[in-house]
Amino acid sequence: MARILIVDDSPSQLLGIKRIVEKLGHVTLTAEDGAAGVEVAKLEKPDLILMDVVMPNLNGFQATRTISKNPDTSHIPIVLVTTKDQETDKVWGMRQGAKAYVTKPIKEEELVATLKELLPA
């Protein structure tokens, strides 16, 4: 199964996403802000990253850009998981290197479908 990094500054969101991911049999890693997420991505090289956008230190757009521009981590697909639901946010997120965009509140079936689409079978 895949190793998935979840980056979110909300403990309740982190726990909710972690439950969905682990129910699918994946292993989870967590980080509580964008800067920590970048560090964990560099050290652990997860198979996929679920990234919140609105966070302290380094927001999800900045962290996504940093990870997707680094040759050591650029292969890792990033899914932005956020309350920012405007089309301009989605376009900007994809320009930063995200492969998918899921809005909160998370619909479990949407997240599961996104993971299946982006993870190798």
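The rules behind each value
- Residues numbered from 1 in each chain as written.
- Predicted model: local features only at pLDDT ≥ 70, side-chain atom pairs only at ≥ 80, totals over all residues.
- Heavy atoms only, no water.
- Helix = DSSP H or I, 4+ residues; strand = E, 2+ residues; numbered from the N terminus.
- Buried < 20%, exposed > 50% of the residue type's maximum accessible area, 1.4 Å probe, protein only.
- Polar contact = N/O pair within 3.5 Å; in protein donor to acceptor, adjacent residues only side chain to side chain.
- Contact = heavy atoms within 4.5 Å.
- Core = buried A, V, L, I, M, F, W, Y, C linked by side-chain atoms within 4.5 Å.
- Axes fitted to C-alpha atoms, helices over the stretch in contact; angles between N-to-C directions.
- Parallel < 35°, antiparallel > 145°, perpendicular 65-115°, else oblique.
- Left-handed = near helix turned anticlockwise from the far one by under 90°.
- Arc of directions from axis to C-beta.

## Concerning the side chain of Thr28
Inspection of the secondary structure assignment puts Thr28 in strand S2 (residues 27–31). A residue is classified by how much of its surface remains accessible, and Thr28, at 12% relative accessible area, is buried. Within the structure, Thr28 has its side chain in polar contact with the side chain of Glu22 (distance 2.6 Å). Setting aside residues no more than four positions away along its own chain, Thr28 makes contact with Ile4, Ile6, Lys18, Val21 and Glu22.

## Description of the nonpolar core
With 19 residues, the main nonpolar core has Leu5, Val7, Ile49, Met51, Ile67 and Leu80 as its most contacted residues. For this core, the secondary-structure elements that each account for two or more residues are strand S1 (3–7), S2, helix H2 (34–44), strand S3 (48–51), helix H3 (60–69) and strand S4 (78–82). Ignoring sequence-local partners within four residues, the contact set of Met51 consists of Val7, Gly60, Ala63, Thr64, Ile67, Ile78, Val79, Leu80 and Val81. Core analysis: the second largest hydrophobic core is formed by 17 residues, Ile17, Ile20, Leu48 and Val102 among them.

## Side note on unusual backbone geometry
Here the residue pair Lys104 and Pro105 is connected by a cis peptide bond, since its omega of 0 degrees sits within 30 degrees of zero. By secondary structure assignment, the location of Pro105 is in the loop between strand S5 (100–103) and helix H5 (108–118). Phi angles above zero are rare outside glycine, and Asn57 is one such case at about 70 degrees. Note on placement: Asn57 falls in the loop between S3 and H3.

## Considering the packing of H2 against H3
Where H2 meets H3, the closest approach of the two axes is 9 Å, and the angle between their N-to-C directions is 20 degrees. When the axes of H2 and H3 are compared, the pair comes out roughly parallel. Handedness of the crossing formed by H2 with H3: right-handed. In contact with Gly34, Gly37, Val38 and Ala41 of H2, H3 contributes Ala63, Thr66 and Ile67.

## Some thoughts on H5
Burial in H5 covers these residues: Leu111, Val112, Thr114 and Leu115. Looking down the long axis of H5, one finds its buried residues gathered within 160 degrees of arc, a one-sided arrangement. Opposite the buried face of H5, at more than 90 degrees from it, the exposed residues are Glu109, Lys116 and Glu117. Here the buried face of H5 lies against S1, helix H1 (11–23), S3, S4 and S5.

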